[in-house]
Number of protein chains: 4
Amino acid sequence: MGSSFGRLFKLTTWGESHGPALGVVVEGCPAGIPLTVEDIQLQLNRRRVGQSAVTSPRSETDRADLLSGVFEGVTTGAPISLITYNKDADSSKYEEIRDVFRPGHADYTYWAKYGHRDHRGGGRSSARETWGRVAAGAIARKIVASAGAEVYGFVRELGGIEMATFDREEIERNIVRCPDPVAAQRMIEAIGQAKAEHDSLGGIVEVRATGVPVGLGEPTFDKLDALIAQAMLSIPAVKAIELGEGFAVVRSRGSEANDSFFAENGRVRTRTNNAGGTLGGISTGEEIVVRIAVKPTSSVARPQETVSTALEPRTIVVEGRHDPSVCPRAVPVAEAMLAIVLADLLLLNRAARI
Amino acid sequence: MGSSFGRLFKLTTWGESHGPALGVVVEGCPAGIPLTVEDIQLQLNRRRVGQSAVTSPRSETDRADLLSGVFEGVTTGAPISLITYNKDADSSKYEEIRDVFRPGHADYTYWAKYGHRDHRGGGRSSARETWGRVAAGAIARKIVASAGAEVYGFVRELGGIEMATFDREEIERNIVRCPDPVAAQRMIEAIGQAKAEHDSLGGIVEVRATGVPVGLGEPTFDKLDALIAQAMLSIPAVKAIELGEGFAVVRSRGSEANDSFFAENGRVRTRTNNAGGTLGGISTGEEIVVRIAVKPTSSVARPQETVSTALEPRTIVVEGRHDPSVCPRAVPVAEAMLAIVLADLLLLNRAARI
Amino acid sequence: MGSSFGRLFKLTTWGESHGPALGVVVEGCPAGIPLTVEDIQLQLNRRRVGQSAVTSPRSETDRADLLSGVFEGVTTGAPISLITYNKDADSSKYEEIRDVFRPGHADYTYWAKYGHRDHRGGGRSSARETWGRVAAGAIARKIVASAGAEVYGFVRELGGIEMATFDREEIERNIVRCPDPVAAQRMIEAIGQAKAEHDSLGGIVEVRATGVPVGLGEPTFDKLDALIAQAMLSIPAVKAIELGEGFAVVRSRGSEANDSFFAENGRVRTRTNNAGGTLGGISTGEEIVVRIAVKPTSSVARPQETVSTALEPRTIVVEGRHDPSVCPRAVPVAEAMLAIVLADLLLLNRAARI
Amino acid sequence: MGSSFGRLFKLTTWGESHGPALGVVVEGCPAGIPLTVEDIQLQLNRRRVGQSAVTSPRSETDRADLLSGVFEGVTTGAPISLITYNKDADSSKYEEIRDVFRPGHADYTYWAKYGHRDHRGGGRSSARETWGRVAAGAIARKIVASAGAEVYGFVRELGGIEMATFDREEIERNIVRCPDPVAAQRMIEAIGQAKAEHDSLGGIVEVRATGVPVGLGEPTFDKLDALIAQAMLSIPAVKAIELGEGFAVVRSRGSEANDSFFAENGRVRTRTNNAGGTLGGISTGEEIVVRIAVKPTSSVARPQETVSTALEPRTIVVEGRHDPSVCPRAVPVAEAMLAIVLADLLLLNRAARI
């Protein structure tokens, strides 16, 4: 269970990091959307390993095959199946961890839950699973765009370095995806330093959605915020989420925290956006603002204390080709999940009124 | 849509704050659990208004009627229906906000989504809806207890005042549910001060689960963390969540953030618990640690800028009997949601292996 | 599990035949539908016991209380909760079957599945549960009507007596709901005869939907036919279902069974309707035609062989106030289920295209 | 929507008859089940075209690739992805029906629902979609077997010829899968005759499950009967279903229809099995008996009246390589669906009691 997400726009991901292939099936995509494999590849390339000096040197092309649900360039309403075959899966390095639990990884919990596990590169728990999310997200973006909305994201903080300026144009100009080019440079250096020291860094990724229509979200459990929270915490390495002012709002008073309403061009707006674009779990029409905490990569080539499946003490050094910080590649994944939630809620909202 | 939560242990809440009644239907509760209405009332009383000087003076008794699913004191496997009739719903005060949107409330978004709204006390968006969650949570606690686990919560910070000491026994000894009696006293004073100033305070609530078996959580979208996040963000006024070290972990390195494994009494343990009890979205057996940000109550009796349904500018002063801070009453609600997630995952986990 | 039905328009029924109350919660009803408790009571009265000489003399009024989801006479989009309190539940007669399994009833299977059971009048397995279905169906009918469609049903055969003529106006003029007044009279006599002999009769109920828009049904598993089949087989005592020509079609050839298309007033029509209004699991716009087999009432006051919970042989005579044939009261239940499926698919269909 | 089926054991099929590939993803298969691609291929070969003189001569090998969820020959609890690439898809014949609706097919309804359609071989509505069901069914059979149960099926009637004797061993010995070798021979001749006349035949397929534990089924909407009904009516060309005595039971009286209980070897049994193995929607432990009506193949190479997408009258002769009767190949499909329902309910039943 648990490999599906969404109510009307629903994806099911499958595949292991060192199995023959990975993929995703997207159900509930409306008919009539122009869609090509290039639309999808574009987003996948942003998530791909080996795309820059700060990502894992593993050389997967991550090429998507589009196997169903599109006919003559347009979606048909049938499930859309996307697949990628693993090319550069080197399982040899993993033989030695067959019976040892890597700290910070899901090795132990999968083993305990399922009784045995695919130990090669994390198997199902690998972040490689997010390939399918980004592919599905590319489709979701089309639905989101049809409503006049758009999703984007960036790295706000990495290795303790915070961005100080914001220029959206800068985001994709640097390899850490930071909207502040000065901070970006320092982040890149920090990653290099951590890598040299066989260690890793965490950070904060922010994703936003602009142009979102008012009315998205299904109270009371499928609130916009609640579904975004589930979506984000389902991403590997994410340990926290906040919307709008988030944790900071707890130190303000109600009179300060409330966003005042005013009318502008026949539309209700708010003067501030402390709420991050939702009220009562429903979008207000203001920008959706989401921040997530990404923990430092668990795979570090330093000696760590652990135990074996026989509960014997062991020391482990996790070799392999890992990202010293997953934040830059987490950006397209978080964007995809936000787009997926919005697409789903846009479709659900069509049934809100008779 | 959206009034149901859970996969196997599933609740559906219904009712408006000023309607005749509210309730909850719990599906999927296993047969064979001893259950009385007193078990449920015990938890409801912790959520009740009027229970102390820091809560709303509204005087609902919140008495639960148990209408189905229990026979001769034991659950039967049939849906459990619980209902409470509203006694002290005074709608007269709300007439003046019929056509005005209260800032920080769901008035505008409900109106925009559904075309009209029950304006009396927030209607469906009222925190009164959480009655059903706490009732269902009392049942979930029984399932959780049957697995040897337990859920508890407390106020960690309120109005900027942080707890400095932790004594679990203190929590229910003070009316703000803070495990530090000194901080508790200061919090109570801060609430009094805010109330006098017609304003409100936010805070941080922490909920924990101890004794949780290893193995709970359904990768990859129904991870333990992901479902907890959805559950918590579905609670009114909650704007952020973190597990374990949460946002703080982004400033540590992988070698620090990873929790080392060791063996103790034939069991795998971790030396630290930065992860907050989950790895790869599955419980580790360590304590589950969850913190949520609760915004200051939106209803404040101070003039606020807003607009009417006709988009005319208005100034509003929200009168009524509101909690100056909802944190103390949010504790049993957050506990209930955590218990519900755990109960659901405990049942789902029965199907993990052949 | 299993007490909920529907994807967007979703009902959850609860309650036992001899518990304090029964009810239903309807989620996903769009906002903006005028709805009164009278709309619902009208349908409930058609299902009620004691309505005529051919039904059980139990005297429940089945009065519905409407507790949520409607404000100022219009649905709000919030869950609609409906409840009825049991008035005439006489449990005394059931004490003697506490430890004996009635043949044809769910006594044994509930006991085996859940470990204990509410033996009073069948508890959860009682057809009294259908109260909530008819109530929810009354709401579904409003959605169906908004699309220009309508559902109706009748008794086609009872106790071996088949209808020979069809006049829709006749259906509600006789107490067996048969569109052939002559056959109706014979059915009524057959029921009287069976009752006098302490026995019971089965029959065939037909439900139809006219004016259904083309396009309803979600291939491949949630086909219109498939959901109707689940809905109908979930009704107590129903053992078979067919659409259109149903079982009879197996003896025709493809060239005969296919319904030819032609155009009429700018619309695609079929010359015949052997398919019963669906092709590929999607409505064609022709009349939906569904027939169900209703077994004879299991409660008969004749000696029957059975065993006790201790597996000892017993002879049982099931006393009580039972319908000698449930067919007439099954009509509004089957209509309700068809309306519910159609309402759900109408809402789902809104997401079929971008 | 609608391409998924199941609650815990859940399959999602994807793919079109003339697209590059088809497949299925199975979620919720418990870990620890030995599973090879040969286990699956064995069942797929029973569904394959070109397997005998009575099936379509299309020459798909239907070879399954197993892409995930199995490690070292054992299921891991992760989703199982199975795929087959189309080899012998000849789309050229379909060009002429691009703008014409074939009677008895889903051409018109798909076109009306989705606005355009993949006209090649029925696209998504093709029975080729059942490849994934049979593949998933092979996995479900393993779960069913682990509970000591088994599913099998056969052709009971074809082209008006009914079986007169039953020998289970005979079923797979003849190409129509009829347990009566004499009737089988006549059915084969009837198929040959119909084929020569460019026409097609329908029939009745029966599937049974033996050794099913008592207790499967989730009242009140997910009754065993109800889920079987949905499963069977979701199979292309199926128009009716009955359990046990089915439609025939309506002409018996309650005293006859009820199956008497007796005890045998410490187990509750019934003397007869009119109910077909379920009471109150829960399995009794007796054999599950299901019969479905399979309509004659809609593709017949005879002139039929129809209309074009422009609503102009047309005459169509459907050429192509079709089964003159799909009954023999419907057997493994119906078996698969029954196994899937049972596997799902077996897993769900683990949560029935504390």
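The model shown is predicted, which means the values in this text are computed figures rather than measured ones.

All right, on to the relation of the copies chain D and chain B then. Look at the two chain copies: a rotation about an axis and a shift along it is all it takes to match them. When chain D is fitted to chain B, the best match, at an RMSD of 0.0 Å, comes from turning it 180 degrees and sliding it 0.0 Å along the axis. Interpreted geometrically, this transformation is the action of a two-fold axis. For chain D, the minimum C-alpha distance to the rotation axis belongs to D:Arg350 and amounts to 3.2 Å. Comparing interface residues between copies, 100% of those in chain D also sit at the interface in chain B, which points to an isologous, same-surface contact.

In this section: the packing of aromatic side chains. For the structure on display, the rule yields 38 aromatic pairs over all chains. Centre to centre, the rings of B:Tyr110 and B:Tyr114 are 5.6 Å apart; their planes meet at 55 degrees, and the pair counts as tilted. Highlighted residues: B:Tyr110 and B:Tyr114, both in helix α2 (residues 107-114), separated by 4 residues, approximately one helical turn. The exposure classification of B:Tyr110 matches that of B:Tyr114, with both residues buried. An aromatic cluster of three or more residues is present, and its members are A:Phe101, A:Tyr108, A:Trp111 and B:Phe261. A cation over a ring is seen here: B:Arg208 above B:Phe166, with NZ or CZ 4.7 Å from the ring centre. A cation sits over an aromatic face here: C:Arg271 above C:Phe262, 4.0 Å from the ring centre.

Our focus in this paragraph is the sheet that holds strand β4 (residues 65-66) of chain C. Residue and element names in this part refer to chain C. Pairing within the open sheet is antiparallel, and its 5 strands lie in the order β1-β2-β3-β7-β4. With partners counted over all chains shown, the strands left at the sheet margins are β1 (4-5) and β4, one partner each. Alignment of β4 against strand β7 (residues 80-85), held across 2 bridges, turns out to be antiparallel. Looking at the pairing, leucine 66 lines up with leucine 82 of β7.

One open sheet accounts for 10 strands, arranged β9(A)-β8(A)-β10(A)-β16(A)-β11(A)-β11(B)-β16(B)-β10(B)-β8(B)-β9(B); its pairing is antiparallel. Both edges of this open sheet fall to β9 (161-162) of chain A together with β9 (161-162) of chain B, since each of them pairs with a single strand only. With 5 bridges joining them, strand β11 (residues 238-243) of chain B and strand β16 (residues 288-294) of chain B adopt antiparallel strand pairing. Looking at the pairing, B:Glu242 lines up with B:Arg291 of β16(B).

With that settled, consider the interface of chain B and chain A. On the chain A side, the residues contacting the 108 residues of chain B number 108 residues. Both faces combined, the contact of chain B with chain A buries some 8400 Å², and carbon together with sulfur accounts for 59% of it. Run the count over chain B and chain A and you get 12 salt bridges. Between A:Glu305 and B:Arg271 there is a salt bridge whose closest N-O contact spans 2.7 Å. Linking chain B to chain A there are 55 residue pairs in polar contact (both at pLDDT 80 or more).

Accessible area lost on assembly of the parts is the figure often given for the size of an interface. If you look at the interface, chain D gives 14 residues, while chain B gives 14 residues. Both faces considered, chain D and chain B share a buried interface measuring about 1200 Å² in area, 65% of it formed by carbon and sulfur atoms. For chain D, the biggest contributors to the area lost against chain B are D:Arg350, D:Ala351 and D:Ile354; these three give 51% of the whole. Linking chain D to chain B there are 0 salt bridges.

The next point concerns the nonpolar core. As a rule of thumb, soluble globular proteins bury nonpolar side chains together. Residues A:Met232, B:Met232, C:Met232 and D:Met232 are the most contacted members of the largest nonpolar core, which totals 333 residues. Sequence-distant contacts of B:Met232, that is, excluding residues within four places in its chain, are made with B:Val207, B:Val238, B:Ile241, B:Val290, B:Ile292, B:Ala334, B:Met337 and B:Leu338.

The next subject is helix α1 (residues 37-47) of chain D. Listed as buried for α1(D) are D:Ile40, D:Gln41, D:Gln43, D:Leu44, D:Arg46 and D:Arg47. Looking at the buried side of α1(D), the elements it contacts are β7 (80-85), α3 (130-146) and α7 (327-349) of chain D.

For chain A, per-residue confidence averages 95 on the pLDDT scale, and 99% of positions sit at 70 or higher. With a pTM of 0.98, the predicted complex shows an ipTM of 0.97.

Moving on, we come to the environment of D:Ser91. Residue and element names in this part refer to chain D. Within the fold, serine 91 resides in the loop between β7 and α2 (107-114). Serine 91 sits in the partly exposed class, given a relative accessible area of 22%. Sequence spacing of serine 91 and glycine 50 is 41 residues, and the spatial spacing of their C-alpha atoms is 18 Å. Excluding residues that lie within four positions of it along the chain, serine 91 makes contacts with His18 and Arg120.

Residues and elements named next belong to chain B. Where burial is concerned, most of strand β8 (residues 150-158) is hidden: 7 out of the 9 residues are buried. Looking at chain direction, β8 and strand β10 (residues 203-210) are connected through 8 bridges and run antiparallel. Following the sheet pairing, glutamate 157 is matched in β10 by isoleucine 204. Of the pairings in the sheet, the one linking β8 to β9 comprises 2 bridges and is antiparallel in character. Paired with glutamate 157 across the two strands is glutamate 162, which belongs to β9. Here β8 hands over to β9 after 2 residues, with glycine 159 in that stretch at a positive phi of 55 degrees.

Moving on, we come to the packing of α1(D) against α7(D). All names here are of chain D. Axis separation between α1 and α7 bottoms out at 7 Å; the angle between their running directions is 140 degrees. Classified by the angle their axes make, α1 and α7 are oblique. Within the contact between the two elements, α1 uses Gln43, Arg46 and Arg47 and α7 uses Arg329, Val331, Pro332, Val333 and Glu335. Tallied by class, residues from the contact of α1 with α7 come to 3 nonpolar, 1 polar and 4 charged.

Residue A:Thr220 is bonded to the preceding A:Pro219 through a cis peptide linkage, with omega at 5 degrees. Within the chain, B:Asn265 stands out as a residue other than glycine whose phi angle is a positive 50 degrees. With respect to the helices, strands and loops of the structure, B:Asn265 is situated in the loop between β12 (261-264) and β13 (267-270). Positive phi values are uncommon outside glycine, yet D:Ala237 reaches one of about 80 degrees. Here D:Ala237 shows up in the loop between α5 (224-233) and β11 (238-243). When its relative accessible area of 23% is taken as the criterion, D:Ala237 is described as partly exposed.

Here we take up the packing of α1(D) against α3(D). All names here are of chain D. Running from N to C, α1 and α3 point in directions that differ by 135 degrees, and their axes come no closer than 9 Å. The angle between α1 and α3 falls in the class oblique. Classified by chirality, the crossing of α3 by α1 is right-handed. Seen from α1, the contacting residues are Asp39, Ile40, Gln43, Leu44, Arg46 and Arg47; seen from α3, they are Thr130, Trp131, Val134, Ala135, Ala138, Ile139, Arg141 and Lys142. Classifying every residue of the contact of α1 with α3 by side-chain character gives 7 nonpolar, 2 polar and 5 charged.

Inspection of every chain in the model, using the stated rule, returns 135 salt bridges over all chains. Across the pair A:Asp62 and A:Arg128 runs a salt bridge, and its minimum N-O distance is 3.1 Å. With a gap of 66 residues between them, A:Asp62 in the loop between α1 (37-47) and β4 (65-66) and A:Arg128 in the loop between α2 (107-114) and α3 (130-146) connect regions that are remote in the sequence. In this structure, B:Arg269 and B:Glu264 form a salt bridge, with 2.8 Å as the shortest nitrogen-oxygen distance. A relative accessible area of 21% means that B:Arg269 is categorised as partly exposed. Classification of B:Glu264 as partly exposed rests on a relative accessible area of 33%. Residues joined by salt bridges that share partners form a network here, namely A:Arg156, A:Glu206, A:Arg208, A:Glu242, A:Glu287 and A:Arg291.

Definitions and limits used
- Residues numbered from 1 in each chain as written.
- Chains lettered and ligands numbered in written order.
- Predicted model: local features only at pLDDT ≥ 70, side-chain atom pairs only at ≥ 80, totals over all residues.
- Heavy atoms only, no water.
- Least-squares fit on C-alpha atoms with pLDDT ≥ 70 in both.
- Contact = heavy atoms within 4.5 Å.
- Phe/Tyr/Trp six-rings, centres within 6.5 Å; stacked < 30°, edge-to-face > 60°.
- Helix = DSSP H or I, 4+ residues; strand = E, 2+ residues; numbered from the N terminus.
- Buried < 20%, exposed > 50% of the residue type's maximum accessible area, 1.4 Å probe, protein only.
- Lys NZ or Arg CZ within 6 Å of the ring centre and 35° of its normal.
- Pairing = 2+ DSSP bridges.
- Buried area = accessible area lost by both parts, 1.4 Å probe.
- Salt bridge = Lys/Arg side-chain N within 4 Å of Asp/Glu carboxyl O.
- Polar contact = N/O pair within 3.5 Å; in protein donor to acceptor, adjacent residues only side chain to side chain.
- Core = buried A, V, L, I, M, F, W, Y, C linked by side-chain atoms within 4.5 Å.
- pLDDT = per-residue confidence, 0-100.
- Axes fitted to C-alpha atoms, helices over the stretch in contact; angles between N-to-C directions.
- Parallel < 35°, antiparallel > 145°, perpendicular 65-115°, else oblique.
- Nonpolar A, V, L, I, M, F, W, Y, C, P; charged D, E, K, R; others polar.
- Left-handed = near helix turned anticlockwise from the far one by under 90°.

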